[in-house]
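Summary of structural features
Spelled out from the first residue to the last, the chains are:
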Amino acid sequence: MDLAGTPIIDAHIHQWDPFATPRIFSGTAKLFRLLPVPVGAATWLAPRRDREFSGDPGVFLSPYLPADYRSDAGDLPVDGIVHIEVGWAGKSPNDKAGETRWVASLPFGVDTPALAAIIGGGDPAAAGFADLLDAHRSASPLVRGIRTMVAHHPDPGVRSFAKAENHLGSTAFLDGFAQLAAHELSFEAWVYSHQLPAVAELAKRYPQVPIVLNHLGTPAGIFGAVGKHTGTNPSLRRELFVRWRDDLAAVATHPSVVAKVSGLTMPILGHPVPPRGAPTPVPVLLDRIGPMLEHAMDVFGPDRLLWGSNYPVDRPITSIANSIEAVAAAVTGHGGGPAELARIFRDNARRVYRIDDENA
């Protein structure tokens, strides 16, 4: 790996404290804190679809804060991170702005990478979406966009995060989406791969709104069986790859879309989960994710890709160091050099999230 000494911006991490902040998984975390069993028992007590999604449900049951990220990043030259919303719960329309306020208050930059940008939570289909955007921006000047959890899978055994598969195309969502343009904010699209055509349609309808495709579209089951019938044999995995490949290329035809080479080691892709503390070796990772990264480079080009660790969600499969090494090896093996690595690991994130020198 040769990043030519370039500092890195991790464009996709999560910070949470399920005990002190309202998360969709806070109730479970508090329950396991009271039970006389180790958190690791969650791996066996959690529903199968949660185990397959997370690899180790215990990851979600403990706080993950700046010092934890610093420990995971070690001596890597990460000098800035982008926080991505995750599971903030609340009843009132503007409650999700509480996550932005909370993240902005964390001790970033104190022996940790700087907080470079924040992506808040919100649903364009919800009433009062414009007011929520104002609340996010009031909570921190680092807000650069909004993410809506719209990932929905037709296999009932795969964990979905939206009630309907077509939420991205609903009238209410499309009407509210225009507010992102009015507020000069981007949209983080986290979908499962069969929803990629909906992302392309969204980009076609609103070319003025920058769209950041998370995790190259999360093709669940592409590396192994998940759910009831997804990726259960090599033929189905090949079909999944071909459909993902074609749909990703169609999304890439829209210049307003950039893609994150992140989340490629999420357990839901079908990765075998190694023992704790033994991250998947880089050559094994590269054998799996290399074809995906090469295709992403072909259709998006190095100017429209940005790296993120997706920590701590990807921790059951890989370390941050191994993630960087695998992605860098794929880029260089596909003809990229120091300039391309600098774009993917830093420069593109600075451009997409409008990060200035003071923040990273």
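Located above this text is the structure these notes cover.
Residues numbered from 1 in each chain as written. Predicted model: local features only at pLDDT ≥ 70, side-chain atom pairs only at ≥ 80, totals over all residues. Heavy atoms only, no water.

**Observations regarding the sheet that holds strand 6 (residues 211-213)**
Sheet architecture is open: eight strands sit in the order 1-2-3-4-5-6-7-8, paired in parallel fashion. In the strand order of this sheet, the two ends are held by strand 1 (8-13) and strand 8 (305-307), each with one partner. Sheet twist, expressed as the average angle between the axes of neighbouring strands with direction ignored, equals 25°. Against the sheet, helix 10 (residues 282-300) contacts strand 7 (257-261) and strand 8, and its axis sits at roughly 160° relative to strand 7. (Pairing = 2+ DSSP bridges. Helix = DSSP H or I, 4+ residues; strand = E, 2+ residues; numbered from the N terminus. Axes fitted to C-alpha atoms, helices over the stretch in contact; angles between N-to-C directions. Contact = heavy atoms within 4.5 Å.)

**Some words on the packing of aromatic side chains**
Tallied over the entire structure, the rule returns 14 aromatic pairs. When the ring of Phe-25 is compared with that of Phe-60, the centres are 5.4 Å apart and the planes differ by 75°; the resulting orientation is edge-to-face. Residue Phe-25 is located in the loop between strand 1 and helix 1 (26-34), and its partner Phe-60 is located in the loop between helix 3 (48-54) and helix 4 (66-73); the two are separated by 35 residues in the primary sequence. Note on Phe-25: relative accessible area 10%, which makes it buried. Look at Phe-53 and Phe-161: their rings are 5.0 Å apart centre to centre, the planes differ by 55°, and that puts the pair in the tilted class. Pair noted here: Phe-53 is in helix 3 and Phe-161 is in the loop between strand 4 (143-149) and helix 7 (171-182), with a separation of 108 residues, a long-range link. (Phe/Tyr/Trp six-rings, centres within 6.5 Å; stacked < 30°, edge-to-face > 60°. Buried < 20%, exposed > 50% of the residue type's maximum accessible area, 1.4 Å probe, protein only.)

**Quick notes on the nonpolar core**
Counting residues in hydrophobic clusters, the biggest one holds 94 residues, and the most contacted among them are Phe-177, Leu-180, Phe-187, Leu-202, Ile-268, Trp-307 and Phe-345. No other element matches the eight residues that helix 10 contributes to this core. Once residues lying within four places of it in the same chain are set aside, the contact partners of Leu-202 are Leu-168, Phe-173, Leu-174, Phe-177, Phe-187 and Ile-211. Judged by nonpolar contacts, the second largest core, of 14 residues, contains Ile-9, Val-82, Ile-84 and Leu-306. (Core = buried A, V, L, I, M, F, W, Y, C linked by side-chain atoms within 4.5 Å.)

**A few points about empty space enclosed by the protein**
One pass over the full model with this rule turns up one cavity of 30 Å³ or more. Along its surface, the largest cavity is lined by 14 residues, and Leu-264, Thr-265, Asp-314, Ser-323 and Val-327 are the ones closest to its centre. Here the element with the most residues in the lining of the largest cavity is helix 11 (residues 320-333); it accounts for three residues. For the lining of the largest cavity, a count of residues per class yields seven nonpolar, six polar and one charged. (1 Å grid on protein atoms, 1.4 Å probe; cavity = no way out; pocket = protein on both sides within 12 Å on 5 of 7 lines; lining within 4 Å. Points joined across faces, edges and corners; volume = space filled by probe spheres on them. Nonpolar A, V, L, I, M, F, W, Y, C, P; charged D, E, K, R; others polar.)

**Structural notes on the pairing of strand 4**
For strand 4, the buried fraction is high: seven of the seven residues fall into the buried class. Here four bridges tie strand 3 (residues 114-121) to strand 4, and the two strands are oriented parallel to one another. Bridge pairing in strand 4 places Ile-119 opposite Gly-145. The handedness of the strand 3 to strand 4 crossover, carried by helix 6 (residues 129-139), is right-handed. Where strand 4 and strand 5 (residues 186-190) come together, five bridges link them in parallel fashion. Directly across from Met-149, in strand 5, lies its bridge partner Trp-190. Read as a crossover between parallel neighbours, the route from strand 4 over helix 7 to strand 5 is right-handed. (Right-handed = clockwise from strand over helix to strand, strands pointing away.)

**Quick word on the environment of Phe-161**
Taking C-alpha positions, Phe-161 is 24 Å from Asp-246, a pair spaced 85 residues apart along the chain. Those residues in contact with Phe-161 that lie beyond four places of it in its chain are Phe-53, Met-149, Ala-151, Trp-190 and Tyr-192.

**Structural notes on helix 10**
The largest bend along helix 10 reaches roughly 50° and is located at Ile-289, with the proline Pro-291 sitting one to four residues downstream. Along helix 10, the residues that are buried comprise Val-282, Leu-285, Arg-288, Ile-289, Gly-290, Met-292, Leu-293, His-295, Ala-296, Met-297 and Phe-300. On its buried side, helix 10 packs onto helix 9 (234-252), strand 7, strand 8 and helix 11. (Bend = angle between axes of the 7 residues up to and from the residue.)

**A look at the packing of helix 9 against helix 10**
Two measures define how a pair of helices packs: the angle their axes make with one another and the distance between the axes. Viewed as axis vectors pointing N to C, helix 9 and helix 10 meet at an angle of 25°, and their least axial separation amounts to 9 Å. Classified by the angle their axes make, helix 9 and helix 10 are roughly parallel. Every pair of crossing elements has a handedness; the one defined by helix 9 and helix 10 is right-handed. Contacts between helix 9 and helix 10 pair Phe-241, Trp-244, Arg-245, Leu-248, Ala-249, Val-251 and Ala-252 from the former with Pro-291, Met-292, His-295, Ala-296, Val-299 and Phe-300 from the latter. (Parallel < 35°, antiparallel > 145°, perpendicular 65-115°, else oblique. Left-handed = near helix turned anticlockwise from the far one by under 90°.)

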